Amino acid sequence: MRRKITMAAAAGALALSLAACGGGGAGSTDSTEGAGDGADKSDITIGVAMPTETSERWIADGNAVKAGLEELGYKVDLQYAGDDIPTQTQQIDQMITSGADVLIIASIDGTALTSQLENAAAQNIPVIAYDRLIRDSENVDFYVTFDNFAVGVAQGTALLRGMGLVDETGAEVAGVTGPFNIELFAGSPDDNNAGFFFEGAMSVLEPYITDGTFVVKSGQTDFDTVATLRWSQEAAQKRMEDLLTSTYSDGSKLAGVLSPFDGISRGIITALQGVGQGPTIEAGLPIVTGQDAEIASVKLIADGVQSSTIFKDTRKLADQSIKVAEAFINAEEPEANDTETYDNGVKVVPSYLLDVDTVFAADITPLLVESEYWTEAEVASGVSD
């Protein structure tokens, strides 16, 4: 028999907002008894839906969530969808049918799960959006992510630093003047995070564009134009190749590229090296940013090819999602540190935001190796064990 997992009634803005809406999200009911009250943890199943196994980052996320939950004694149904929306919707439907008590979902398309979430709500199954906000549904109970606007700010600042305009403290470096040609890439338009990343980065870069220090020679500066569907490395490489042909065939020098993700960065770098730029920054390769500290890109940073990446420690994200799941199981209100920012189009979803770090070559050992995120051998080879 399916257990009814509920959020306990609690004082505060979250509880009041739920009451004002005439009911809670997917995990709320009139009962105050949670599945954790006297239930054997081995009888509780948590469905974990991840978008793809083509990215090291999502493999690490899925494994971390599964291992953490199983260590606590829960059953875990972990599914990867191969970046295919129908596959993910079918997987979530099956999780619900099979008796999942909580759903942790990293969506492929944050607008494509409305019917699945309605079904979860009907079964009183709490839904936790994992790193990617699920949009246009009232049936999202919680959101666990990194501070996505801050990620973008860090990326924009990393581009400035890589190009020598600011130092490691963020202070402007005297005597470095433009104009410098740059190009902009953004993430997938169906991922709510991509907009936050781009807005954060542009909040840093726009003053430099306005005063002429930076010139986006292609003229492509709006999100819809520079977005990269499904965060595709191949699509990024093709767009960079097209930009080089259309905009830089006159011999103009491209100095830097804002990239929101390491896979996109590698596509950009491949295109640049393909026309003879580089092969390293020291040899003339433009500065390219990144995100996720994927091991292939960490090696490129160590080798002086990619300039930087943003490190989002997925172990912390996994740990926080587990804490939220346990709170729902035990009929408790999960801890939120943001109840204002993440409006999914229907409601503001209570959220827990985690901090990030910027990684340049000198930061690889203290931030990635000493924390045991990657080993020295993995950094040297560019391949995870």
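So, here is what we can say about the structure in this document.

Calculation rules
- Residues numbered from 1 in each chain as written.
- Predicted model: local features only at pLDDT ≥ 70, side-chain atom pairs only at ≥ 80, totals over all residues.
- Heavy atoms only, no water.
- Buried < 20%, exposed > 50% of the residue type's maximum accessible area, 1.4 Å probe, protein only.
- Helix = DSSP H or I, 4+ residues; strand = E, 2+ residues; numbered from the N terminus.
- Pairing = 2+ DSSP bridges.
- Right-handed = clockwise from strand over helix to strand, strands pointing away.
- Lys, Arg positive; Asp, Glu negative; His and termini not counted.
- Salt bridge = Lys/Arg side-chain N within 4 Å of Asp/Glu carboxyl O.
- Polar contact = N/O pair within 3.5 Å; in protein donor to acceptor, adjacent residues only side chain to side chain.
- Phe/Tyr/Trp six-rings, centres within 6.5 Å; stacked < 30°, edge-to-face > 60°.
- Lys NZ or Arg CZ within 6 Å of the ring centre and 35° of its normal.
- Axes fitted to C-alpha atoms, helices over the stretch in contact; angles between N-to-C directions.
- Expected span 1.5 Å × (residues − 1).
- Contact = heavy atoms within 4.5 Å.

1. Considerations on the pairing of strand 6 (residues 180-184)
For step 1, the next point in the chain: In terms of burial, strand 6 is a largely internal element, four of the five residues being buried.
For step 2, the next point in the chain: Where strand 6 meets strand 7 (residues 214-216), three bridges bridge the pair, whose relative direction is parallel. Bridge pairing in strand 7 places Phe-180 opposite Phe-214.
For step 3, the next point in the chain: What joins strand 6 to strand 7 is helix 6 (residues 192-210), and the crossover it makes is right-handed.

2. Some words on the pairing of strand 1 (residues 45-50)
For step 1, the next point in the chain: For strand 1, the buried fraction is high: five of the six residues fall into the buried class.
For step 2, the next point in the chain: Where strand 1 and strand 2 (residues 75-80) come together, six bridges link them in parallel fashion. When the bridges of strand 2 are listed, Thr-45 appears paired with Lys-75.
For step 3, the next point in the chain: Running through helix 2 (residues 56-71), the crossover from strand 1 to the neighbouring parallel element strand 2 is right-handed.

3. As for the side chain of Asp-141
For step 1, the next point in the chain: For Asp-141, the location among the structural elements is in the loop between strand 4 (127-130) and strand 5 (142-146).
For step 2, the next point in the chain: An unpaired buried charge is present at Asp-141: no salt bridge exists, and Lys-347, the closest side chain of opposite charge, is 5.0 Å distant.
For step 3, the next point in the chain: Within the structure, Asp-141 has its side chain in polar contact with the backbone nitrogen of Val-127 (distance 2.9 Å).

4. Side note on the packing of aromatic side chains
For step 1, the next point in the chain: For the structure shown, the criterion picks out eight aromatic pairs.
For step 2, the next point in the chain: Residues Phe-311 and Tyr-373 carry aromatic rings whose centres are separated by 4.7 Å and whose planes lie at 70 degrees to one another, so their mutual orientation is edge-to-face. Of this pair, Phe-311 sits in strand 10 (residues 309-311) while Tyr-373 sits in the loop between helix 12 (364-369) and helix 13 (376-381); the two residues are 62 residues apart in sequence, bridging distant segments of the chain. One exposure class covers both Phe-311 and Tyr-373, and it is buried.
For step 3, the next point in the chain: Geometry around Phe-360 places Arg-161 over its ring, the cationic atom sitting 4.0 Å from the centre.
For step 4, the next point in the chain: Taking NZ or CZ as reference, Lys-217 lies 5.6 Å from the ring centre of Tyr-248, over its face.

5. Brief notes about the pattern of salt bridges
For step 1, the next point in the chain: Counted according to the given criterion, the structure contains 15 salt bridges.
For step 2, the next point in the chain: The salt bridge partner of Asp-131 is Lys-312, with a shortest N-O separation of 3.7 Å. Taken as a pair, Asp-131 in the loop between strand 4 and strand 5 and Lys-312 in the loop between strand 10 and helix 11 (314-329) lie far apart in primary sequence, 181 residues in all.
For step 3, the next point in the chain: Accessibility expressed as a relative area gives 2% for Asp-131, which makes it buried.
For step 4, the next point in the chain: Judged by relative accessible area, Lys-312 falls into the buried class, the value being 3%.
For step 5, the next point in the chain: Where Lys-238 meets Asp-242, a salt bridge forms, and the shortest distance between an N and an O atom there is 2.9 Å.

6. Concerning unusual backbone geometry
For step 1, the next point in the chain: In this model, Gly-178 is joined to Pro-179 through a cis peptide bond whose omega is 5 degrees.
For step 2, the next point in the chain: Within the fold, Pro-179 resides in the loop between helix 5 (148-162) and strand 6.
For step 3, the next point in the chain: Along the chain, Gly-278 connects to Pro-279 via a cis peptide bond; the corresponding omega equals 20 degrees.
For step 4, the next point in the chain: Located in the positive-phi region is Asp-292, a residue other than glycine, with phi close to 105 degrees.
For step 5, the next point in the chain: Residue classification places Asp-292 among the buried residues on the basis of a relative accessible area of 8%.

7. Examining the sheet that holds strand 4
For step 1, the next point in the chain: Strand order in the open sheet made by the six strands is 2-1-3-4-5-11, with parallel pairing throughout. Every other strand in the sheet has two partners, leaving strand 2 and strand 11 (351-354) as the edge strands with one partner each. When the angles between neighbouring strand axes are averaged without regard to direction, this sheet yields 15 degrees.
For step 2, the next point in the chain: Two elements, strand 4 and strand 5, share three bridges in a ladder whose sense is parallel. Following the sheet pairing, Tyr-130 is matched in strand 5 by Val-144.

8. A short note on helix 11
For step 1, the next point in the chain: Between the first and last C-alpha of helix 11 there are 22 Å, a value that for 16 residues agrees with the 22 Å anticipated at 1.5 Å per step.
For step 2, the next point in the chain: A large share of helix 11 lies buried, amounting to 12 of its 16 residues.
For step 3, the next point in the chain: Looking at helix 11, one finds that the buried residues are Thr-314, Leu-317, Ala-318, Gln-320, Ser-321, Ile-322, Val-324, Ala-325, Glu-326, Ala-327, Phe-328 and Ile-329.
For step 4, the next point in the chain: In this structure, the buried side of helix 11 is in contact with strand 1, helix 2, strand 3 (102-105), strand 4, strand 5 and strand 11.
For step 5, the next point in the chain: Immediately downstream of helix 11, the backbone of Ala-331 shows phi near 60 degrees, a positive value.

9. Some points on the environment of Ala-236
For step 1, the next point in the chain: By the element assignment, Ala-236 lies in helix 8 (residues 233-247).
For step 2, the next point in the chain: Apart from the residues lying within four places of it in its own chain, the contact partners of Ala-236 are Phe-185, Thr-228, Ile-264 and Ile-268.

10. Examining the sheet that holds strand 7
For step 1, the next point in the chain: Ordered by their spatial adjacency, four strands build an open sheet running 7-6-8-9, and the pairing between neighbours is parallel. Sheet topology places strand 7 and strand 9 (287-288) at the edges, where each strand pairs with a single neighbour.
For step 2, the next point in the chain: Strands in contact with helix 6 are strand 6, strand 7 and strand 8 (254-258); relative to strand 7, the strand with the most contacts, it is inclined by about 115 degrees.

11. With respect to the side chain of Ser-351
For step 1, the next point in the chain: Structurally, Ser-351 can be placed in strand 11.
For step 2, the next point in the chain: Polar contacts involving the side chain of Ser-351 include one to the main-chain carbonyl oxygen of Val-349, which spans 2.8 Å.
For step 3, the next point in the chain: Leaving out residues up to four positions away in the same chain, Ser-351 has contacts with Phe-142, Tyr-143, Ala-336, Asn-337, Asp-338 and Tyr-342.

12. What to know about the environment of Gly-345
For step 1, the next point in the chain: Here Gly-345 shows up in the loop between helix 11 and strand 11.
For step 2, the next point in the chain: Between the C-alpha atoms of Gly-345 and Thr-111, which are 234 residues apart in sequence, the distance is 10.0 Å.
For step 3, the next point in the chain: Other than its neighbours up to four places away in sequence, Gly-345 contacts Arg-135 and Asp-136.

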